[in-house]
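This is what each chain is made of:
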Amino acid sequence: FMKRRSPRRLAVVLAALLALLAVVLAAAWQLTPRPARTLTLQVTSARGSSIPVTLTLPGRTGGGVPLVICCHGFTGNGGLDGHYDPLAQRLAEAGIATAALDFAGNGESAEPFTAYTLDSMTADLAAVRAALTADYPVDAERVGLLGHSMGGRLVALNLDETVAAAALWSPAAAPGLDGLEFLNHDAAGREELRAAAESAGTVDLPQWGVTISLDFITQMADSDPWAALTGYQGPLLVAFAAGDVDLLSQGTIDGTRAAADARGADWLDLYGQYEDATHNYTGLTAENDAAVRERIETQTAEFFIEALG
């Protein structure tokens with residue numbers, strides 16, 4: 001005859017099966033790809049103004065994910081000349097969040113361009129970093145910075161032990177007033193800009209379509225990105241492109257690379273790999289534009305994935 005199982009034993013077996021099913025479902029849920037989320041935010045600056053911010057979060061954030069904050073160049077915006085979206089998607093696939101902000105007078109910022117200074121940019125970067133690490137599932141100890149051109153100068157000036165990794169794309173990093181070489185290649189011309197600003201408080205730049213303040217020029221003159229860069233010991237990527245000669249000098253390129261070398265730590269040097277690229281890491285020709293974009297975005301994403309993962 002067949003022995004009947006007791007209700008208690010059946011309950012135990014059923015509970016075990018349900019527990020196993022829960023484990024299997026949880027594992028399947030973890031393995032199921034989830035799309036990244038892109039949010040448009042407004043962060044309040046120390047000046048009381050609104051800082052436009054784009055934040056891209058990976059599909060799964062768990063207890064906190066690394067974050068890369070992108071800093072655009074002079075008269076640029078958080079789109080990074082079209083690099084932000086593909087770079088953010090690559091990083092999101094690796095579980096890293098990405099953010100970009102519009103500095104005062106740039107992009108969607110409602111402030112005048114005369115509010116654009118190194119001090120205001122530094123304060124806005126700090127405000128955005130604090131807001132994102134406080135209000136979103138971001139690991140405050142794994143924050144990297146990416147800066148392009150003037151954004152690269154800003155990042156270099158703000159490198160310390162709290163920055164987990166940094167990437168500099170063609171940074172306008174020459175010390176002092178030489179950092180304004182992208183406005184005037186001649187030292188005497190840069191002094192004329194400063195004198196005009198000291199006289200009127202501002203200087204119009206018709207070729208750029210903006211007006212800069214005396215504060216901007218003074219703070220540039222008083223800053224030394226190379227000194228700040230030399231003291232940074234975290235993972236570092238530095239890139240320069242053939243098209244930089246339109247805005248930057250060979251002295252700036254050589255000096256920035258020398259400062260990176262002087263750190264006494266390994267760094268990723270991409271100089272010489274972008275002879276087909278503009279200052280904005282687009283192609284020198286339409287035919288090679290996609291390849292240039294793909295290369296800088298891939299190399300930068302791989303750098304941050306290794307450094308922050």
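Residues numbered from 1 in each chain as written. Predicted model: local features only at pLDDT ≥ 70, side-chain atom pairs only at ≥ 80, totals over all residues. Heavy atoms only, no water.

Time to look at helix H3 (residues 118–135). For H3, built from 18 residues, the straight-helix expectation of 26 Å at 1.5 Å per residue is met to within 8% by its first-to-last C-alpha distance of 26 Å. Listed in full, the buried residues belonging to H3 are Leu118, Ser120, Met121, Asp124, Leu125, Ala127, Val128, Arg129, Ala131 and Leu132. (Helix = DSSP H or I, 4+ residues; strand = E, 2+ residues; numbered from the N terminus. Expected span 1.5 Å × (residues − 1). Buried < 20%, exposed > 50% of the residue type's maximum accessible area, 1.4 Å probe, protein only.)

Another aspect to go through is the packing of aromatic side chains. In this structure the tally under the stated criterion is 11 aromatic pairs. Here the aromatic residues Phe74, Phe113, Tyr116, Phe182, Trp208 and Phe216 are joined through ring pairs into a cluster of three or more. (Phe/Tyr/Trp six-rings, centres within 6.5 Å; stacked < 30°, edge-to-face > 60°.)

Per the stated rule, a full pass over the model turns up nine salt bridges. Close ionic contact of Glu294 with Arg90 constitutes a salt bridge, the shortest N to O distance being 2.9 Å. Here the residue Glu294 occupies a position in helix H9 (residues 289–308), and Arg90 occupies one in helix H2 (residues 84–93), the gap between them amounting to 204 residues. Salt bridges sharing common partners tie together Arg47, Glu111 and Asp124. (Salt bridge = Lys/Arg side-chain N within 4 Å of Asp/Glu carboxyl O.)

Glancing now at the pairing of strand S1 (residues 37–44). By the bridge criterion, eight bridges tie S1 to strand S2 (residues 50–57) in an arrangement that is antiparallel. Residue pairing for S2: Leu41 is matched across the bridge by Val53. Between S1 and S2, which pair antiparallel in sequence order, lie five residues; one of them, Gly48, sits at a positive phi of approximately 90°. (Pairing = 2+ DSSP bridges.)

Nothing here speaks to function; it is geometry throughout.
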